[in-house]
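Single-letter residue listing:
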Amino acid sequence: ITLTIDTEKAGLWEGGTLFIYGLGNTGGTPTAYSGDLQGYSNIEAPNQWIIHEAWFEQNFGSMVSILAGFHDLNSEFYASDYASLFLQSSFGIGPEMSVNVPVSLFPQAGLAARLRITPTDNSYIQGGVYDGDPATRGFKAAEGKLYIAESGVSSDSGSYKIGFWQHTAAVTFDGVTYSHDSGVYGIIDQELATLDNDGSIGWFLQYGAADKVRNQIYSYLGTGLHVHGLIPGRGEDDLGIGVARANTHAKHVAASVAETAIEFTYRVVATPWLAIQPSFQVIQHPSGNQFAPTVNVGLLRFEVAL
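For the structure given in this document, a descriptive report is provided here. (Residues numbered from 1 in each chain as written. Predicted model: local features only at pLDDT ≥ 70, side-chain atom pairs only at ≥ 80, totals over all residues. Heavy atoms only, no water.)

1. Concerning the nonpolar core
The biggest cluster of nonpolar side chains holds 24 residues, and the ones touching the most others in it are Leu73, Met97, Ile148 and Trp165. At the level of elements, strand E7 (145-154), strand E11 (181-194) and strand E12 (200-210) are the ones that each hand at least two residues to this core. Leave out the neighbours within four places in its chain, and Trp165 touches Glu96, Met97, Val101, Leu146, Tyr147, Ile148, Asp181, Ser182, Gly183, Val184, Tyr185 and Ala210. Ala261, Ile283, Val295 and Val297 belong to the second largest nonpolar core, which has 7 residues in total. (Core = buried A, V, L, I, M, F, W, Y, C linked by side-chain atoms within 4.5 Å. Buried < 20%, exposed > 50% of the residue type's maximum accessible area, 1.4 Å probe, protein only. Helix = DSSP H or I, 4+ residues; strand = E, 2+ residues; numbered from the N terminus. Contact = heavy atoms within 4.5 Å.)

Spelled out as structure tokens, the structure:
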């Protein structure tokens, strides 16, 4: 359940937005059956009822905005529009970041402050500081902080983003302790063709890399196609085919190879208030173990808009 208050419409002042996001989860951890690292369901969460996000944003004209509060990093950083269709977690945010360090994400956001500057209509630069461990919901010295910066440009046919992050808490890997962790990423969303009835074919590419000597997953590559309105008369439906490949460190498991998830999904807008989305995933080498059997996963998601 979400609540948004526009301060201008509320008769207060211009440019302010208060956002509160209440969240209830049940269902446990289905990835316990698959053993995969990336997470085939992007809504897997512990059983809980919490305030997931609660933040205030103030815009200063059209160029500058600041935000503070409990904030989901992935709602603004490391996000691909075309990849957001998929149910595999890595298409939301790369596992070389989300698996290696605590990140302020669904299902529990942490405290944060974010500055965004939009010098033109088709460019931006933004940076943020986030709680080093969102589970504690408070800045503590031992948990460190997560700093992130991202810049992007867009055109009529696509958008292009690059980013950098650093987590300041100490990290221990293979018996060695390091003072911090860091990584870089890039995203391309590109329209390839237009279809009848306002349909389109889009392609996305995600790439992220972290320091190989201190991380379980040291790089990630995701790519796929997003087709909107493919079937005549079904202009609101979406078809997606994507591949998410996470490279695991040889010291994580003795026979380490990349874990690869291939997803096929189709989102049907059945009525203005109901969407149904089946998804089928093939997960090769779960947890990066070349001897682990391939896992086949089927999901069926329902969305109801009240």
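We are not done yet, so read on.
2. Some points on the side chain of Arg214
On the secondary structure map, Arg214 appears in the loop between E12 and strand E13 (217-228). Among the polar contacts listed, one links the side chain of Arg214 to the backbone oxygen of His180, at a separation of 2.6 Å. Filtering out sequence-adjacent residues up to four positions away, Arg214 remains in contact with Val171, Phe173, Tyr178, His180 and Asp181. (Polar contact = N/O pair within 3.5 Å; in protein donor to acceptor, adjacent residues only side chain to side chain.)

3. Some words on unusual backbone geometry
Here the amide bond leading from Phe106 into Pro107 is cis, since omega sits at 10°, within 30 degrees of zero. Look at Asp174: it is not a glycine, yet its phi comes out positive at around 55°. Looking at where Asp174 falls in the secondary structure, it is placed in the loop between strand E9 (171-173) and strand E10 (176-178). Since its relative accessible area comes to 48%, Asp174 is described here as partly exposed. Positive phi outside glycine occurs at Ser287, with the angle close to 65°.

4. Re the pattern of salt bridges
Under the counting rule described, the total for this entry stands at 5 salt bridges. For Arg114, the salt bridge goes to Glu76, with nearest N and O atoms at 2.7 Å. Placement of Arg114 in strand E5 (residues 110-120) and of Glu76 in the loop between strand E4 (64-71) and helix H1 (95-98) is noted, with a sequence separation of 38 residues between them. Close ionic contact of Asp211 with Arg214 constitutes a salt bridge, the shortest N to O distance being 3.3 Å. Classification of Asp211 by relative accessible area gives partly exposed; the value is 29%. For Arg214, a relative accessible area of 14% corresponds to the buried category. Among the charged side chains, a network of salt bridges with common partners joins Glu57, Glu76 and Arg114. (Salt bridge = Lys/Arg side-chain N within 4 Å of Asp/Glu carboxyl O.)

5. Looking at the packing of aromatic side chains
Under the defined criterion, the tally for this structure stands at 8 aromatic pairs. On the basis of an interplanar angle of 45° and a centroid distance of 4.8 Å, the ring pair of Phe86 and Phe91 is categorised as tilted. Of the two residues, Phe86 and Phe91, both sit in the buried class. Between Arg116 and the ring centre of Tyr124, over which it is positioned, the NZ or CZ distance is 4.3 Å. Cation over ring: Lys212 sits above Tyr218, and NZ or CZ is 4.7 Å from the ring centre. (Phe/Tyr/Trp six-rings, centres within 6.5 Å; stacked < 30°, edge-to-face > 60°. Lys NZ or Arg CZ within 6 Å of the ring centre and 35° of its normal.)

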